[in-house]
Amino acid sequence: MKTLYKLYQLFIAVPLFIVWTVFISLTVIIGCTLGGGHWFGYYPGKAWGWLTLKLFLLPVRVEGREHLREGESYVFVSNHQGMFDIFLIFGHLGRQFKWMMKHQLRKMPFIGFACERSHQIFVDKRGASKIKKTYDEARSILQGGMSLCVFPEGARTFTGHMGLFRRGAFMLADELQLPVVPLTINGSFDVMPRMRDYRFVCWHPLTLTIHRPIRPHGQGADNIRRTADESYQTIMSALEPRHQGYVENPDQ
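Below, the structure is looked at part by part. (Residues numbered from 1 in each chain as written. Predicted model: local features only at pLDDT ≥ 70, side-chain atom pairs only at ≥ 80, totals over all residues. Heavy atoms only, no water.)

**Some words on helix H1 (residues 2–33)**
Consideration 1: Along its length, H1 shows its largest kink, about 50°, at glutamine 9.
Consideration 2: Next to the buried residues of H1 lie helix H2 (37–40), helix H3 (43–55) and helix H5 (111–117).
Consideration 3: Trailing H1 by a residue or two, glycine 35 shows a phi angle of about 105°, which is positive. (Bend = angle between axes of the 7 residues up to and from the residue. Helix = DSSP H or I, 4+ residues; strand = E, 2+ residues; numbered from the N terminus. Contact = heavy atoms within 4.5 Å.)

This is how it looks when you write it as C-alpha cells:
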C-alpha cells in the first residue's frame, strides 16, 4: 500500500496540487488587486487547504468548534508540528483570520505574492522599525474585527514536542483585551516533519482541537504571562502522549 500511495502522489496528487496552488494564488492576487481583499484574502485559501488534504487522502477530525462565538475576534495560537499545519488550520478552522508568518515566506513563488496581496502579516525581526511595523499591522488587523493565527514557537518542531512560546501574540491580545484560543495539532509531524520537507507524504490522520477561549483577567505583564502559560499547558494537554513534554528547539 505504501508503494501505491507514493505512485498516487507522484502521478496524481502532486501534479494536481501544483496546478491547484498556482490557480488559488492567482485567484487571490487578482481578486485582492481588484478590491475584494476581505473575501479573496480568506476563502480561496480555505479551499486550498481543504482540497490539499483531500488530494493526499488524509482524514481530518476537528474538535471544539462550539467554543467559538459568531462575530467575535480571537488570537489563535497553535503548536507547529509540520508543513501540513497550514492546510489543516486554513481548511478546517472554520473562522476567517489572517496569518502571522516568517518574512522569508514572501519569497515563495506565487504563494508569497498572494500572501502579500491578501495582507497576511510577515514577521520581520531585522531591526526595531521592522518589528514595530509587524506589530502595527497585526494591531490594525485585530482592531478591524479580524482574527489572527500565530505559531508562537516561531519554528516547526524537530521532534513532535513543543518548544518555547514567544510572547508577541499574547502581548497583542493583552493590549486589545481579546481572548486567546489555543489550538492543538496532532498528526502533522507524522505526515511530513520539517526533516522530510518536499519528500513523499506519509499517510496519517490529522486532528485539530479548538480549545475554550482564554479571556483576559486584567491587563499588563501578569495577564500576558498567565495567558501564555495557560495556552501552553492547554495545547500540551491535548497532544498525543508520545509528544508531550518540552524539548528544546535549536531553531528558536
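**Points about the nonpolar core**
Consideration 1: Counting residues in each nonpolar core, the largest one holds 39 residues, and the members touching the most others are Leu58, Phe84, Ile89 and Leu183.
Consideration 2: Elements supplying a minimum of two residues to this core: H1, H3, helix H4 (84–92), strand S3 (97–102), H5, strand S6 (180–186) and strand S7 (206–210).
Consideration 3: Ranked by residues supplied to this core, first place goes to H1 with seven residues.
Consideration 4: Residues contacting phenylalanine 84, with those up to four places away along its chain left out, are Thr52, Leu53, Phe56, Leu58, Ser188, Val191, Met192 and Val201.
Consideration 5: In this structure, Ile141, Leu148, Ala173 and Met236 belong to the second largest nonpolar core, which totals 24 residues. (Core = buried A, V, L, I, M, F, W, Y, C linked by side-chain atoms within 4.5 Å. Buried < 20%, exposed > 50% of the residue type's maximum accessible area, 1.4 Å probe, protein only.)

**A closer look at the packing of aromatic side chains**
Consideration 1: Under the definition given, this model contains 19 aromatic pairs.
Consideration 2: Considering the side-chain rings of tyrosine 74 and phenylalanine 76, the 5.7 Å spacing of their centres and the 55° angle between planes classify their relative orientation as tilted. There is no split in this pair, since tyrosine 74 and phenylalanine 76 are both buried.
Consideration 3: Aromatic ring contacts, followed pair by pair, group Trp39, Phe40, Tyr42, Tyr43, Phe90, Phe97, Trp99 and Phe151 into a single cluster.
Consideration 4: We note arginine 106 situated over the ring of phenylalanine 122; from NZ or CZ to the ring centre the distance is 4.1 Å. (Phe/Tyr/Trp six-rings, centres within 6.5 Å; stacked < 30°, edge-to-face > 60°. Lys NZ or Arg CZ within 6 Å of the ring centre and 35° of its normal.)

**Considerations on the sheet that holds strand S1 (residues 60–63)**
Consideration 1: Judged by pairing direction, the sheet is mixed, and its seven strands sit side by side in the order S1-S7-S6-S2-S5-S3-S4 without closing on themselves. Of all the strands in the sheet, just S1 and strand S4 (121–123) have a single pairing partner and so form its edges. Strand-to-strand twist in this sheet, taken as the mean axis angle between neighbours without regard to direction, amounts to 20°.
Consideration 2: Where S3 lies against S4, three bridges are found, and the strand directions are parallel. Each residue of the ladder has a partner; that of lysine 102, found in S4, is valine 123.
Consideration 3: Taken strand by strand, helix H6 (residues 128–143) contacts strand S2 (75–78), S3, S4 and strand S5 (147–150), and its axis lies near 150° from that of S4. (Pairing = 2+ DSSP bridges. Axes fitted to C-alpha atoms, helices over the stretch in contact; angles between N-to-C directions.)

**Overview of the pattern of salt bridges**
Consideration 1: With the rule as written, the count across this model stands at 14 salt bridges.
Consideration 2: The residue aspartate 251 makes a salt bridge to lysine 102 at a minimum N-O spacing of 3.9 Å. Within this pair, whereas aspartate 251 is found in the segment after helix H9 (221–237), its partner lysine 102 is found in strand S3, the two being separated by 149 residues in sequence.
Consideration 3: You can call aspartate 251 partly exposed: its relative accessible area is 34%.
Consideration 4: Residue class for lysine 102 comes out partly exposed when judged on its relative accessible area of 38%.
Consideration 5: The shortest N-O distance in the salt bridge between arginine 106 and glutamate 116 comes to 3.3 Å. Highlighted residues: arginine 106 in the loop between S3 and H5 and glutamate 116 in helix H5, separated in sequence by ten residues.
Consideration 6: Overall, the relative accessible area of 37% leaves arginine 106 in the partly exposed class.
Consideration 7: The class for glutamate 116 is partly exposed, based on a relative accessible area of 36%.
Consideration 8: A network of salt bridges, in which partner residues are shared, links Lys132, Asp136, Arg139 and Glu175. (Salt bridge = Lys/Arg side-chain N within 4 Å of Asp/Glu carboxyl O.)

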